[in-house]
Amino acid sequence: MDPLQPELPNPCITADVAVIGAGVIGLGIAQEARRSGRSVVVIDPAPASGATFAAAGMLAPVSELHYQEEDLLELMLASSELWPAFVEGIRPGAQGTGYRTTPTLAVGADAADRRAFADLRDLQLGLGLQIRALPLREARDREPLLSPQISCAFEIPGDHQVDPRRLAAAILESLGAHTPGDPSWVDGAGFNGLSEGFRLSMPATGLLWEDSGVAGVQLADGTRIRATETVIANGLDAAGLSGLPDGLALPLRPVYGDILRLRVPAHLRPLLTATVRGLVRGVPVYIVPREDGTVVIGASQREDGPSSASAVSAGGVYQLLRDAQVLLPAVAELELLECTARARPGTPDNAPLLGRVGTGRAATDHDGGQLPGLIVATGFFRHGVLLTPAAAKICVGLMDHRHDERWTRFRPDRFTHTHPTPAPATIKDHA
């Protein structure tokens, strides 16, 4: 549809919040918006099938600390603290989400890996993070199948895990657990594709504008969603939406990763009781145990731009299996169930694009100098699962006109050299 033709009598759905994208970030925001009493529409043709589908689900603010990314640490730690209440709000006792609070073990294969971990540990301790060197005997007492050849081991008590696939399914179930007549129910009678009062499977193509603010979402079939707040949370596809504020730069790049899922035979269970993150000749690898007797192996990362985001690299699979066996030789006896690849949305500074967009005008009591009706939540790169509760809290806080200055550093227009301006065309609703 041409956005310059506002008079077309397209069907219209009305909700308090429209979330574009049903990966773990979009679903988390939708969940918290619903919990705040708002009606929510989630727009995605294939929920939780992108980066969320491939993610290992490590909630690891300490392990995920990288040099020159210290600005992210405060946000990662804040989000980590929110996880218990977040999963409890989805299902009592976090049942069915794969949320586990067992500590993470970091292990190195050789002397060079030991030195690299020691340097990183100094940085982590200097930032006040908890990490403890373990005698190798104690590490192997905890995890008897670890290789006797590992060179070092560290315990990271604050790094936990969740199963992103089960988490997404639980949130979708929670969002659907309401009935017509509830304040959160969206009246979609007569509209194709609106299911359970919250979900639309038709892709979003652009934003609707009214009175110099974003007023909703345009779908590929011409359907419009009128919303007080629109959240862009569709990862790499965010920059392709029509109707973005003129001049707004969303510099997203695809970072591809391979991940393996393997079944542990009965005689080797439990293969591990805790997540193991390792270095093998300087290359990171992780092994994450699941409650269903499987493990996830990952950490490959490439920016070679394959023709498909789901194209698995043979070299990546080989490297993961090779390095995992160095740390845990029993990996060779596991049954390979699945090789998956997905693209994660990265930004120039590897930090998310999160918050409202500035208008360049003087702040007023009404808009605080920010574009009304639009929130951006994308570019989470390696940290999407970990940062979901924080992203949800920040976004719903903005909907409630609460602004936390700590997170201004992640605002989505920080790569825009001039302040974005409203789109030139205003799309009115005449349905």
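One structure accompanies this document, and this report is about it. (Residues numbered from 1 in each chain as written. Predicted model: local features only at pLDDT ≥ 70, side-chain atom pairs only at ≥ 80, totals over all residues. Heavy atoms only, no water.)

### Looking at the overall build of the protein
In plain terms, the rule: Labels follow the DSSP assignment, with helices taken as runs of H or I lasting at least four residues and strands as runs of E lasting at least two, numbered in each case from the N terminus. Relative accessibility under 20% of the residue-type maximum defines a buried residue, over 50% an exposed one, and the middle range a partly exposed one, all with a 1.4 Å probe and only protein chains included. Any pair of residues with heavy atoms lying within 4.5 Å of one another is described as a contacting pair.
Assigned secondary structure in the protein consists of 8 helices and 19 strands. Relative to its full complement of 431 residues, the protein shows a buried share of 53%. Of the contacts formed within the protein by residues at least 6 apart in sequence, a portion of 76% connects residues at least 24 apart.

### Side note on the pattern of salt bridges
A pair can form between side chains of opposite charge whenever their charged atoms are brought close. Our working definition: In the sections that follow, a salt bridge refers to a side-chain nitrogen of Lys or Arg positioned within 4 Å of a carboxyl oxygen of Asp or Glu.
The full count for this structure, using the stated rule, is 26 salt bridges. For R166, the salt bridge goes to E291, with nearest N and O atoms at 2.9 Å. One end of the pair, R166, is in helix α6 (residues 164-175); the other, E291, is in the loop between β15 (283-289) and β16 (294-298), and 125 residues separate them in sequence. We note a salt bridge from E335 to R263, for which the minimum N-O separation is 2.9 Å. Taken together, the residues span a long stretch of sequence, with E335 in strand β17 (residues 335-346) and R263 in strand β13 (residues 253-263) at a distance of 72 residues. According to the relative accessible area criterion, E335 is partly exposed, its value standing at 41%. Of the residues examined, R263 reaches a relative accessible area of 36% and is grouped as partly exposed.

### A closer look at the sheet that holds strand β6 (residues 152-156)
Put simply, the test is: We call two strands paired when DSSP finds no fewer than two bridges between them. Helix axes use the C-alpha atoms of the stretch in contact, all axes being lines fitted to C-alpha atoms, and the angles between their N-to-C directions lie in the range 0 to 180 degrees.
Pairing is mixed across the open sheet formed by 8 strands, whose spatial order is β5-β6-β4-β14-β15-β16-β13-β17. Unpaired on one side and paired on the other, β5 (132-133) and β17 mark the two borders of the sheet. Contacting β4 (104-108), β5, β6 and β14 (276-280), helix α4 (residues 111-126) crosses the sheet at an angle of about 125 degrees to β14.

### A look at helix α3 (residues 73-90)
This is how it is decided: In this scheme, a helix's expected span is set at 1.5 Å multiplied by one less than its residue total. In this scheme, the bend at a residue equals the angle between the axes fitted to the seven residues that finish there and the seven that begin there.
Between its first and last C-alpha, α3 extends 25 Å over 18 residues, near the 26 Å set by a 1.5 Å rise per residue. Within α3, the axis deviates most sharply at W83, by approximately 45 degrees, and proline P84 lies no more than four positions further along. The complete set of buried residues in α3 reads L73, L75, M76, A78, S79, S80, W83, F86, V87 and I90. Buried-residue contacts for α3 involve α1 (24-35), β3 (58-59), α6 and α8 (388-399).

### Examining the pairing of β16
Along a regular strand, successive side chains alternate from one face of the sheet to the other. Counting buried positions along β16 gives 5 out of 5 residues, so the element sits mostly inside the fold. A two-sided burial pattern is seen for β16, the buried positions comprising T294, V296 and G298 on one face and V295 and I297 on the other. Bridging between β13 and β16 involves 5 bridges; their strand directions are antiparallel. Residue pairing for β16: R263 is matched across the bridge by T294. Bridge count between β15 and β16: 4 bridges; the pairing is antiparallel. Across the sheet, P289 pairs through a bridge with V295, a residue of β16. Between the antiparallel neighbours β15 and β16 lie 4 residues, among them G293 with a positive phi of about 85 degrees.

### Points about the pairing of β15
Of all 7 residues in β15, 5 are buried, a share of seventy percent or more. Between the end of β14 and the start of β15, which pair antiparallel, lie 2 residues, with R281 showing a positive phi angle near 55 degrees.

### Remarks on the nonpolar core
Cut-off, in case you're wondering: Put simply, buried Ala, Val, Leu, Ile, Met, Phe, Trp, Tyr and Cys residues joined by side-chain atoms within 4.5 Å make one nonpolar core.
With 62 residues, the main nonpolar core has W83, L167, V231 and A377 as its most contacted residues. Only β1 (12-20), α1, β2 (40-43), α3, β6, α6, β19 (374-378) and α8 provide two or more residues apiece to this core. Apart from the residues within four sequence positions on either side, A377 is in contact with I25, I29, V231, I232, A233, L353, L354 and C395. Counting 29 residues, the second-largest nonpolar core is a separate cluster that includes V186, L194, L219 and L353.

### With respect to unusual backbone geometry
Of note, the bond from R269 into P270 is cis; its omega dihedral lies within 30 degrees of zero at -5 degrees. With respect to the helices and strands, the residue P270 is situated in the loop between β13 and β14. If you check the backbone angles, S212 has positive phi at about 60 degrees while not being a glycine. Secondary-structure assignment places S212 in the loop between β10 (204-210) and β11 (213-219). For H401, which is not a glycine, the phi torsion comes out positive at approximately 65 degrees. Within the element layout of this structure, H401 appears in the segment after α8.

### Looking at the packing of aromatic side chains
For clarity, the cut-off: Only rings of Phe, Tyr and Trp enter the pairing, Trp through its six-membered ring, and a pair is recorded when the two centres are within 6.5 Å. The plane angle decides the type: under 30 degrees is stacked, over 60 is edge-to-face, the rest tilted.
Inspection of every chain in the model, using the stated rule, returns 4 aromatic pairs. On the numbers, 5.9 Å between centres and 50 degrees between planes, the contact of F117 with F154 is tilted. Here F154 lies in strand β6 and F117 lies in helix α4, a separation of 37 residues in the sequence. Arranged with centres 6.5 Å apart and planes meeting at 20 degrees, the rings of W407 and F410 form a pair that is stacked. With relative accessibility at 8%, the residue W407 sits in the buried group. Overall, the relative accessible area of 2% leaves F410 in the buried class.

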